[in-house]
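This is what each chain is made of:
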Amino acid sequence: MTIRIKEIQAKSIITKSNLPDADFVINPYIGCTHACIYCYARFMKRFTGHSEERGQFVDVKINAADLVPSNTSKYKDKVIFLASVTDAYLPLERKYQLTRQILEKLIPLEPNLGVQTKSDLVVRDIDLLKQFQNCEVGFTISTLDDNLRKEIEPITSSVSDRIKALEELKNAGIKTYVFVGPIMPYLSDWKKIILETKHCSDFYMFENLNIKGSIWGSVKKWIQTKHPDLLEKYEKIYFSKNDYWDKMEEEINQFCIEQNIDYKIYFHHGKK
């Protein structure tokens, strides 16, 4: 697959957030190379004007760090999250180091920093992350099965590498979490994910598979190709009245209470 890389000059880098737990977001890149079949950020093409499919382009905001202001109290104790519609640790970050440069500029501004990624490259920046008074780093994990991981998010770090990175971050004294999602019906073993990461995760977030917009088209194609026996079950969950997600939410609540772990659930309840 050909990926088009373009260096651009951005006009701004810190934007107000629509996320429930963040005041501001930073996206060092436009686009993403992870090629996740369930990507919700594909809607961004409406605003960026790219003709390529999501996963086949990345714009690199080469002046990103220069856009982080100095000598301001605006962001002190505010939650700044990296990143909302890309991954701050795309493979390209090894070359451009935009995220590292941004972190260096953010430290004196004293924000509460949040990072969520699918890449073990984040451990490169442990020296900077430790300098934030309040910092938490999370990994998205939808499955422990690396074969399934290659099907649904092929250009990402292996599951084992993500867990090793979590351990390294935890050992460095950084608050960690696991974002269990999207939960793929009949495929994501969320209980096993908890049990395999409990030693290195301070809390958990759960999100179910959301198929709104054009997402269902790519998910359906994947199911038909890789798991045809599940197509009817998925269609029942998403296109008929049922309590599949309600029951799972109850199970997650009960299991997390039993395991004495901190957690939040962000379910869409099968709404398209």
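Described in the following lines is the structure provided in the data block. The shown structure was predicted, so the numbers you read here are calculated from the model rather than taken from an experiment. (Residues numbered from 1 in each chain as written. Predicted model: local features only at pLDDT ≥ 70, side-chain atom pairs only at ≥ 80, totals over all residues. Heavy atoms only, no water.)

**Brief notes about the packing of aromatic side chains**
- Using the criterion set out here, one finds twelve aromatic pairs in the structure.
- Pairing W190 with F255 gives two aromatic rings, centres 5.7 Å apart and planes at 85°, and the pair type is edge-to-face. Pair noted here: W190 is in helix α7 (residues 190-197) and F255 is in helix α10 (residues 244-259), with a separation of 65 residues, a long-range link. For the pair shown, W190 and F255 are each scored as buried.
- Here W216 and Y238 contribute two aromatic rings whose centre-to-centre distance is 6.5 Å and whose plane-to-plane angle is 40°, an arrangement assigned as tilted. One end of the pair, W216, is in helix α8 (residues 215-226); the other, Y238, is in helix α9 (residues 231-239), and 22 residues separate them in sequence.
- Its relative accessible area of 13% is what places W216 among the buried residues.
- Among the residues examined, Y238 registers a relative accessible area of 4% and is labelled buried.
- Chaining the aromatic ring pairs together yields one cluster made of Y186, W216, Y234, Y238, F239, Y244, W245 and F267.
- The side chain of K233 reaches across the aromatic face of Y186, ending 4.8 Å from its centre. (Phe/Tyr/Trp six-rings, centres within 6.5 Å; stacked < 30°, edge-to-face > 60°. Helix = DSSP H or I, 4+ residues; strand = E, 2+ residues; numbered from the N terminus. Buried < 20%, exposed > 50% of the residue type's maximum accessible area, 1.4 Å probe, protein only. Lys NZ or Arg CZ within 6 Å of the ring centre and 35° of its normal.)

**Comments concerning α10**
- For α10, built from 16 residues, the straight-helix expectation of 22 Å at 1.5 Å per residue is met to within 8% by its first-to-last C-alpha distance of 22 Å.
- Residues of α10 that are buried in the fold lie against β9 (175-183), α7, β10 (203-208), α9 and β11 (262-266).
- Positive backbone phi, at 55°, marks N260, one or two positions downstream of α10. (Expected span 1.5 Å × (residues − 1). Contact = heavy atoms within 4.5 Å.)

**Section: the sheet that holds strand β1 (residues 4-8)**
- With mixed pairing, the three strands of this open sheet are ordered in space as β1-β5-β4. Edge positions in the sheet fall to β1 and β4 (29-31), since each of these pairs with one other strand and no more. In this sheet, neighbouring strand axes are inclined to one another by 20° on average, regardless of whether the strands run parallel or antiparallel.
- Pairing of β4 with strand β5 (residues 57-61), which is carried by three bridges, proceeds in the antiparallel orientation. (Pairing = 2+ DSSP bridges. Axes fitted to C-alpha atoms, helices over the stretch in contact; angles between N-to-C directions.)

**Here's the deal with the nonpolar core**
- If you look at the biggest cluster of nonpolar residues, it comprises 72 residues, and the most contacted ones within it are L106, L129 and F206.
- When residues of this core are assigned to their parent elements, the largest contribution, six residues, is made by α10.
- With eight residues, the next largest nonpolar core counts C32, L90, L92 and Y96 among its residues. (Core = buried A, V, L, I, M, F, W, Y, C linked by side-chain atoms within 4.5 Å.)

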